[in-house]
Amino acid sequence: MIKKYSLALILCIMVITAMGTKAQIATRQYFHYENTRFNYGIDYPSTFAAEPESVNGDGRVFSYKKECSITVWGQWNALNETVAQRYRQALKGRTGVSLKVLRSNYYIVSCILPNGKIFYEKCVLLDAGGDQERFVCATAVYPKKYRKQFDTFIAHIFKKFPTNPVPHQEND
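The present account deals with the structure reproduced in this document. These numbers were taken from a predicted model, which means no experiment stands behind them.

## Here's the deal with the overall build of the chain
Helices and strands together make up the secondary structure of the chain, namely 3 helices and 9 strands. N-terminal to C-terminal, the α/β element order of the chain is α-β-β-β-β-β-α-β-β-β-β-α. Here the chain holds 172 residues, and 40% of them are scored as buried. By sequence separation, contacts in the chain at least 24 residues apart represent 46% of the contacts at least 6 residues apart. A total of about 10600 Å² of accessible surface is found on the chain, and carbon and sulfur atoms cover 56% of it.

## Digging into the pattern of salt bridges
Applying the stated criterion across every chain yields a total of 3 salt bridges. For Lys160, the salt bridge identified is with Asp43, shortest N-O distance 3.0 Å. Residue Lys160 is found in helix 3 (residues 147-160), and its partner Asp43 is found in strand 2 (residues 40-45); the two are separated by 117 residues along the sequence. The closest approach of N and O atoms between Glu67 and Lys145, which form a salt bridge, is 3.0 Å. Taken together, the positions of Glu67 in the loop between strand 4 (59-64) and strand 5 (68-76) and Lys145 in the loop between strand 9 (134-142) and helix 3 put the pair 78 residues apart, joining distant regions of the chain. Using a relative accessible area of 57% as the deciding quantity, one classes Lys145 as exposed.

## Considerations on the nonpolar core
Formed by 28 residues in total, the largest nonpolar core has its most connected members in Ile42, Phe48, Phe62, Val72, Tyr142, Phe150 and Phe161. Looking at this core, the elements with two or more residues in it are strand 2, strand 4, strand 5, strand 8 (118-126), strand 9 and helix 3. Considering each element in turn, this core owes the most residues, 5 residues, to helix 3. Not counting residues up to four positions away in its chain, the partners in contact with Phe161 are Tyr40, Gly41, Ile42, Val72, Lys122, Val124, Val136, Cys137 and Ala138. Counting 9 residues, the second largest nonpolar core, distinct from the first, contains Ala90, Cys123, Leu125 and Phe135.

## As for helix 2 (residues 83-91)
Among all positions in helix 2, only Val83, Arg86, Tyr87 and Ala90 are buried. Seen along its axis, helix 2 keeps its buried residues to an arc of 105°; they face one direction. Immediately downstream of helix 2, the backbone of Gly93 shows phi near 80°, a positive value.

## Points about the sheet that holds strand 3 (residues 49-50)
To summarise the sheet geometry, strands pair through backbone hydrogen bonds and adopt either a parallel or an antiparallel arrangement. If you trace the 7 strands from one edge of the open sheet to the other, you get 3-4-5-9-8-7-6, paired in antiparallel fashion. Only two strands of the sheet have a single partner each, and these edge strands are strand 3 and strand 6 (97-102). Note: strand 5 against strand 9, 8 bridges, orientation antiparallel. By the bridge assignment for strand 9, Gln75 is matched with Phe135. Against the sheet, helix 3 touches strand 5, strand 8 and strand 9, its axis set at about 165° to strand 9.

Here is what the cut-offs are and how they apply
Residues numbered from 1 in each chain as written. Predicted model: local features only at pLDDT ≥ 70, side-chain atom pairs only at ≥ 80, totals over all residues. Heavy atoms only, no water. Helix = DSSP H or I, 4+ residues; strand = E, 2+ residues; numbered from the N terminus. Buried < 20%, exposed > 50% of the residue type's maximum accessible area, 1.4 Å probe, protein only. Contact = heavy atoms within 4.5 Å. Areas by Shrake-Rupley, 256 points an atom, 1.4 Å probe, with all protein chains shown as cover. Salt bridge = Lys/Arg side-chain N within 4 Å of Asp/Glu carboxyl O. Core = buried A, V, L, I, M, F, W, Y, C linked by side-chain atoms within 4.5 Å. Arc of directions from axis to C-beta. Pairing = 2+ DSSP bridges. Axes fitted to C-alpha atoms, helices over the stretch in contact; angles between N-to-C directions.

Right, here's the structure in full:
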């Protein structure tokens, strides 16, 4: 009888542990990153590790267990590209595209990469026509096993990306 209860207790602990591991990535808490060079921000799940900002200050990578990543960056529109041109570049060579959205100031592309991971990208043109015209982009790359959790993350993160850009001010 004691063996029966011990086995039941061990099984309960295993189930609770497994549930806790899955719940870690399914967090509803977010941290916020602000990029001062390109004046944009993004929320990211609190369970993700923030890698150091890139040397040139254009963005950052956030990762979870080396399986999932969210990468954000900005770049000046020195080539005077349109959103449509960038959109066509993002689609070039991609197979299995499941989502294509093109608007006047942003695009979204999602597909399955050759390694089987899901790729999701949103790229936004800020200050169009102004002297600080720039693209700010964010990508998420993750295994299919995390699709349900990332659907929640993407709904939160990418719907608001970039968060509250304020007019860029030049240094005097």
